[in-house]
Amino acid sequence: MRVLHIDAGKALRGGQWQTLHLMGDLAERGVLVRLLAVQDSPLFREAQSRGLKVLPLNLFSVWRESGWADLVHCHDSRAHTMAWLALVGPGQHAPVVVSRRVAFSVKNTIFSRKKYGSAALFLSISRAVSAQLTAAGVPEDRIALVPDGVLVPPYTGNRTGGIVALDSSDPAKGRSLLRGVKPRIAFVRNLEKAFRTARIFLYASEMEGLGSAVLLAMAHGVPVIVSNVGGLPELVWNGTTGLLVENTQQAFESAIRRLDADPPLAEQMIRSARAMVEQCYTVEHMVERTLACYRKVLG
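Residues numbered from 1 in each chain as written. Predicted model: local features only at pLDDT ≥ 70, side-chain atom pairs only at ≥ 80, totals over all residues. Heavy atoms only, no water.

**Here we look at the packing of aromatic side chains**
(1) Moving on: Enumeration over the complete set of coordinates arrives at five aromatic pairs.
(2) Moving on: Taken together, a centroid distance of 5.1 Å and an interplanar angle of 80° make the contact between phenylalanine 195 and phenylalanine 201 edge-to-face. In this pair, the class of phenylalanine 195 matches that of phenylalanine 201, namely buried.
(3) Moving on: Every member of this aromatic cluster is reached through a ring pair, and the members are Phe195, Phe201 and Tyr203. (Phe/Tyr/Trp six-rings, centres within 6.5 Å; stacked < 30°, edge-to-face > 60°. Buried < 20%, exposed > 50% of the residue type's maximum accessible area, 1.4 Å probe, protein only.)

Right, here's the structure in full:
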């Protein structure tokens, strides 16, 4: 099997890490993989450092490399647009599958309807995302649930540090809301390093497809407090695998006080959350589900 991956992300965020995890595991299983990415982007350089075949992304490279592939996998909306533009028209083209990672509504335009009608299958990371695709008119038999996966470390964090949150430039990720939370929290980019000692992880978002950063915290044994939006409630069962809160400073502060005052609750959530990740949300689970989708499309 030859799979061409297309990722137009200019930063190395959750979606790009999923692309890297998927490609690396597929290559180990004997699948031939190539990546088209923005030249010299963090994703491009990271793929090179891992020994993956990566080429600059443009319309011509999409058209050219699709001739090599048995299947084209687009990992974001811009990649999907480029594949549709490059491959539209007569002639034989490799089927296209699209990872849908955001829970925003699909635009109702002629361009959007044609673009979304061109994909053989959508890989939706949550039921919330699937619902948006269905609402846009995508048939249910062209939607498959493929949640994110994370690498589960052999250890859990010691919780000797402070409260942390994701340092993101995305205005929808709640930094302005969390900046005033007390006790003071640390905004971090290297989550894996921070989770070795973090006491609590806060994740505020206006809309979320699923939340790979939340999964990573759970895998590291860090209790999570997250916004009750999008696909996050599919991971965070309130009071069992974490705490769901409204998007207010007061709600986050109240949840922090609740966890600090009830260590047995925090420990129970840590155990339940990590067990859920191990049973449903590892990289291996994500790869197996993706491979099943590839086989379905290829018949």
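**A look at the nonpolar core**
(1) Moving on: If you look at the biggest cluster of nonpolar residues, it comprises 32 residues, and the most contacted ones within it are Phe195, Phe201, Val214, Met218 and Leu235.
(2) Moving on: Elements supplying a minimum of two residues to this core: helix H8 (191-194), strand E10 (200-203), helix H9 (212-219), strand E11 (224-227), helix H10 (232-235) and helix H12 (263-280).
(3) Moving on: The leading source of residues in this core is H9, at seven residues.
(4) Moving on: Discounting chain neighbours no more than four positions away, the residues touching methionine 218 are Val224, Leu235, Val236, Thr241, Ala273, Arg274, Met276 and Val277. (Core = buried A, V, L, I, M, F, W, Y, C linked by side-chain atoms within 4.5 Å. Helix = DSSP H or I, 4+ residues; strand = E, 2+ residues; numbered from the N terminus. Contact = heavy atoms within 4.5 Å.)

**Things to note about the pairing of strand E2 (residues 32-37)**
Every regular strand shows the same layout, with side chains that alternate between the two sheet faces.
(1) Moving on: With five of six residues buried, E2 lies mostly within the body of the structure.
(2) Moving on: Of the crossover connections in this fold, the one passing from strand E1 (residues 2-7) over helix H1 (residues 14-28) to the parallel E2 is right-handed.
(3) Moving on: Pairing analysis gives three bridges linking E2 to strand E3 (residues 54-56), with the strands arranged parallel. Pairing of alanine 37 across the sheet is with proline 56, part of E3.
(4) Moving on: Once the chain exits E2 it traverses helix H2 (residues 42-49) before rejoining the sheet at E3, and the crossover so formed is right-handed. (Right-handed = clockwise from strand over helix to strand, strands pointing away. Pairing = 2+ DSSP bridges.)

**A closer look at the state of the cysteines**
(1) Moving on: In the structure shown here, the tally under the stated rule is zero disulfides.
(2) Moving on: Residue cysteine 280 stays outside any disulfide, its sulfur separated by 16 Å from that of cysteine 293, the closest cysteine.
(3) Moving on: Looking at cysteine 280, the relative accessible area reads 29%, which means it is partly exposed. (Disulfide = S-S within 2.5 Å.)

**A few points about the sheet that holds strand E5 (residues 96-100)**
(1) Moving on: The strand order across the open sheet formed by seven strands is E3-E2-E1-E4-E5-E6-E7, and the pairing between neighbours is parallel. Looking at the sheet topology across the chains shown, the edges are occupied by E3 and strand E7 (143-145). On average, adjacent strands in this sheet sit at an angle of 25° to one another, irrespective of strand direction. (Axes fitted to C-alpha atoms, helices over the stretch in contact; angles between N-to-C directions.)

**Some remarks on the packing of helix H11 (residues 249-261) against H12**
(1) Moving on: Interaxial distance between H11 and H12 falls to 5 Å at its minimum, and their mutual angle equals 100°. The orientation of H11 with respect to H12, classified from their angle, is roughly perpendicular. The residues of H12 that touch H11, namely those facing Arg258, Leu259, Asp260 and Ala261, are Pro263, Leu265, Ala266 and Met269.
(2) Moving on: Within the contact of H11 with H12, the residues separate by chemical class into six nonpolar, no polar and two charged. (Parallel < 35°, antiparallel > 145°, perpendicular 65-115°, else oblique. Nonpolar A, V, L, I, M, F, W, Y, C, P; charged D, E, K, R; others polar.)

**Remarks on the sheet that holds strand E9 (residues 186-188)**
(1) Moving on: Read from one edge to the other, the open sheet built from five strands follows the order E9-E8-E10-E11-E12, with strand pairing classed as parallel. Where the open sheet ends on each side, the last strands, each with one partner, are E9 and strand E12 (243-245). Along the sheet, successive strands turn relative to each other by an average axial angle of 30°, direction set aside.
(2) Moving on: In this sheet, E12 lies alongside E11 in parallel orientation, the contact comprising three bridges. Pairing of valine 226 across the sheet is with leucine 244, part of E12.
(3) Moving on: Relative to the sheet, H9 contacts E10 and E11, its axis offset from that of E10 by approximately 170°.

**What to know about unusual backbone geometry**
(1) Moving on: In this model, lysine 182 is joined to proline 183 through a cis peptide bond whose omega is 0°.
(2) Moving on: The backbone phi angle of aspartate 40 is positive, close to 65°, even though this residue is not glycine.
(3) Moving on: You can see aspartate 40 is positioned in the loop between E2 and H2.
(4) Moving on: Judged by relative accessible area, which is 51%, aspartate 40 ranks as exposed.

**Brief notes about a nonpolar patch on the surface**
(1) Moving on: Taken together, the side chains of Leu59, Leu85 and Phe111 define a hydrophobic patch exposed on the protein surface, amounting to about 260 Å² of accessible area.
(2) Moving on: Looking at where phenylalanine 111 falls in the secondary structure, it is placed in helix H5 (residues 110-117).
(3) Moving on: Phenylalanine 111 sits in the partly exposed class, given a relative accessible area of 40%. (Patch = residues over 30% accessible without salt bridge, like charges linked within 9 Å, V, L, I, M, F, W, Y side chains within 5 Å. Areas by Shrake-Rupley, 256 points an atom, 1.4 Å probe, with all protein chains shown as cover. Salt bridge = Lys/Arg side-chain N within 4 Å of Asp/Glu carboxyl O.)

**Digging into the side chain of glutamate 208**
(1) Moving on: By the element assignment, glutamate 208 lies in the loop between E10 and H9.
(2) Moving on: Side chain to side chain, glutamate 208 and serine 205 meet in a polar contact 2.8 Å long.
(3) Moving on: Ignoring anything within four residues of it in the chain, the contact list for glutamate 208 reads Ala103, Lys173, Tyr203, Val229, Gly230, Gly231 and Leu232. (Polar contact = N/O pair within 3.5 Å; in protein donor to acceptor, adjacent residues only side chain to side chain.)

**Focus: the environment of serine 49**
(1) Moving on: Note that serine 49 resides in helix H2.
(2) Moving on: Assessed through its relative accessible area of 56%, serine 49 is described here as exposed.

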